[in-house]
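Each chain is listed here by its residues.
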Amino acid sequence: LYEWQGVHTGTGNTQYSGQVTLGTAPSYTLTDTGRGNHKTYNLNRGTSGTGTLFSGSDDVWGDGTATNLETAGADAHYGAALTWDYYKNVHGRSGIRGDGVGAYSRVHYGNAYVNAFWQDSCFCMTYGDGAGNTKPLTSIDVAAHEMTHGLTSVTAKLVYSGESGGLNEATSDIFAAAVEFYANNPNDKGDYLVGEKIDIRGNGTPLRYMDKPSKDGSSKDAWYSGIGSIDVHYSSGPANHFFYLLSEGSGVKTVNGVTYDSPTSDGLPVTGIGIDKARLIWFKALTTKWGSSTNYAGARTGTVAVAEELYGAGSPEALAVQHAWAAVNVGT
Ligand code: ASN
Ligand code: ZN
């Protein structure tokens, strides 16, 4: 009885994550009925409105290549589903607003557009196809990064400039990594790299590195007075680095086949507490301690307070938070 109202699934042949199960609605559209009716639309190179909701007769979406216009839809729909599942199952938050309502995704924005973005005005995320239209920006980490901008905008509301802007960007990179680890997709295992699948630079390197942010040539490994005046995608560096150190510790370490080498600005080693605890600390600080003008010093105060609430004052976790901030020059 009522089976027709239940959660319905189709098959996605994605470009970055292999063959996956997608939440779809009969008969058939990319409408995820089990996740707040999150929908995925095809802008077909337009730049406004929603274009058309992906629909088809066979409930199989894409063929794993960018030539098939459904493929980017499958990747985006999958990334949104993983991000939904992560926030619900790990942090107990149902949807970005916590109200059980899905957002929506738009793919094939513009012509060879090399970016993806979240907009509060539509409560939606949008993906370009990349240069040459062969590498859409629809990988898991990019989807989670953009959706997390929505979360930040309804929680801490970190202003997107100055140090708060760096923390806003870092929050998106941090949960991008957390979602990727949570997904554990065999074609896209968790890592502390951002955008390693989309080849945005054309030379196979990731967009950002959390173990040593300066590897991208622009991001900063540690805080300094004046970091608030650089681009938020670079002033995010110390917070990304903090999160890596808190999760995995300093020095050389291989995780899921990727080898990291994370320095500390004070030269003292940091022992990691694991990403499962680190992600809880960042989430609780974001949602209960920080506000629109929180800066690096405030981020430290908030995360230390949260770690003490969760694990106790003087606990290894609370000490690790302090050591990891000291390691990126956010001191007492
Ligand atoms: N993809 C970029 C980001 O999410 C777009 C922007 O600069 N806001 O950070
Ligand atoms: Zn961003």
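Residues numbered from 1 in each chain as written. Chains lettered and ligands numbered in written order. Predicted model: local features only at pLDDT ≥ 70, side-chain atom pairs only at ≥ 80, totals over all residues.

Points about the site of ligand 1
In step 1: The full set of residues close to ligand 1 is Asn115, Ala116, Phe117, His145, Glu146, His149 and Glu169.
In step 2: If you list the elements that add at least two residues to the shell around ligand 1, you get strand 8 (116-119) and helix 2 (140-154).
In step 3: The element best represented in the shell around ligand 1 is helix 2, accounting for three residues.
In step 4: When grouped by side-chain class, the residues that make up the shell around ligand 1 number two nonpolar, three polar and two charged. (Near = placed C-beta within 6 Å. Helix = DSSP H or I, 4+ residues; strand = E, 2+ residues; numbered from the N terminus. Nonpolar A, V, L, I, M, F, W, Y, C, P; charged D, E, K, R; others polar.)

Looking at the domain arrangement of the protein
In step 1: Each domain of the protein was delimited in the assignment, giving domain 1 (10-154) and domain 2 (162-326).
In step 2: Computed over C-alpha atoms only, the centres of domain 1 and domain 2 are separated by 25 Å.
In step 3: Across the contact, 21 residues belong to domain 1 and 25 residues belong to domain 2.
In step 4: Elements with a contribution of two residues or more to the side of domain 1 that touches domain 2: helix 1 (69-91) and helix 2.
In step 5: No other element matches helix 2, which puts eight residues into the side of domain 1 that touches domain 2. (Domains from an automatic or database assignment. Contact = placed C-beta atoms within 7 Å.)

With respect to helix 7 (residues 296-311)
Note: α-helices contain 3.6 residues per turn, so residues at a spacing of three or four share the same orientation.
In step 1: For helix 7, built from 16 residues, the straight-helix expectation of 22 Å at 1.5 Å per residue is met to within 8% by its first-to-last C-alpha distance of 22 Å.
In step 2: What helix 7 keeps buried is the set Tyr296, Ala299, Arg300, Gly302, Thr303, Val304, Val306 and Ala307.
In step 3: Buried residues along helix 7 sit against helix 3 (162-183), helix 5 (237-248), helix 6 (275-288) and helix 8 (316-326).
In step 4: Directly beyond the C-terminal end of helix 7, a positive phi value near 105 degrees is found at glycine 312. (Expected span 1.5 Å × (residues − 1). Buried ≥ 20, exposed ≤ 12 C-beta atoms within 10 Å, placed from the backbone.)

Topic: the sheet that holds strand 1 (residues 8-13)
In step 1: Spatially, the three strands line up as an open sheet ordered 2-1-6, and their pairing is mixed. A single partner strand is all that each edge strand has here, and the edge strands are strand 2 (19-24) and strand 6 (60-61).
In step 2: Bridge analysis of strand 1 against strand 2 gives six bridges, and the strand direction is antiparallel. Bridging across to strand 2, histidine 8 finds its partner in threonine 24.
In step 3: Docked against the sheet, helix 1 engages strand 1, strand 2 and strand 6, running at close to 75 degrees with respect to strand 2. (Pairing = 2+ DSSP bridges. Axes fitted to C-alpha atoms, helices over the stretch in contact; angles between N-to-C directions.)

Re the packing of helix 2 against helix 3
In step 1: Remark: helix 2 packs on helix 3, axes separated minimally by 7 Å, with the N-to-C direction vectors making an angle of 130 degrees. Considered as vectors, helix 2 and helix 3 are oriented oblique to each other. When the axes of helix 2 and helix 3 are compared, the crossing they make is right-handed. From helix 2, Ile140, Asp141, Ala144, His145, Thr148, His149 and Thr152 reach across to helix 3, where they touch Asn168, Thr171, Ser172, Asp173, Phe175, Ala176, Ala177, Val179, Glu180 and Ala183.
In step 2: Residue composition of the contact of helix 2 with helix 3, by class: seven nonpolar, seven polar and three charged. (Parallel < 35°, antiparallel > 145°, perpendicular 65-115°, else oblique. Left-handed = near helix turned anticlockwise from the far one by under 90°.)

Observations regarding the packing of helix 5 against helix 8
In step 1: Direction vectors running N to C along helix 5 and helix 8 enclose 140 degrees, while the axes themselves pass 9 Å from each other. It follows from the interaxial angle that helix 5 and helix 8 lie oblique. Crossing hand, helix 5 versus helix 8: right-handed. Judged by residue contacts, Phe242, Leu245 and Leu246 of helix 5 engage Ala320, Val321, Ala324 and Trp325 from helix 8.
In step 2: Split into classes, the residues belonging to the contact of helix 5 with helix 8 amount to seven nonpolar, no polar and no charged.

Examining the environment of proline 316
In step 1: Mapped onto the fold, proline 316 is located in helix 8.
In step 2: C-alpha separation for the pair proline 316 and glycine 165, spaced 151 residues apart in sequence, amounts to 29 Å.

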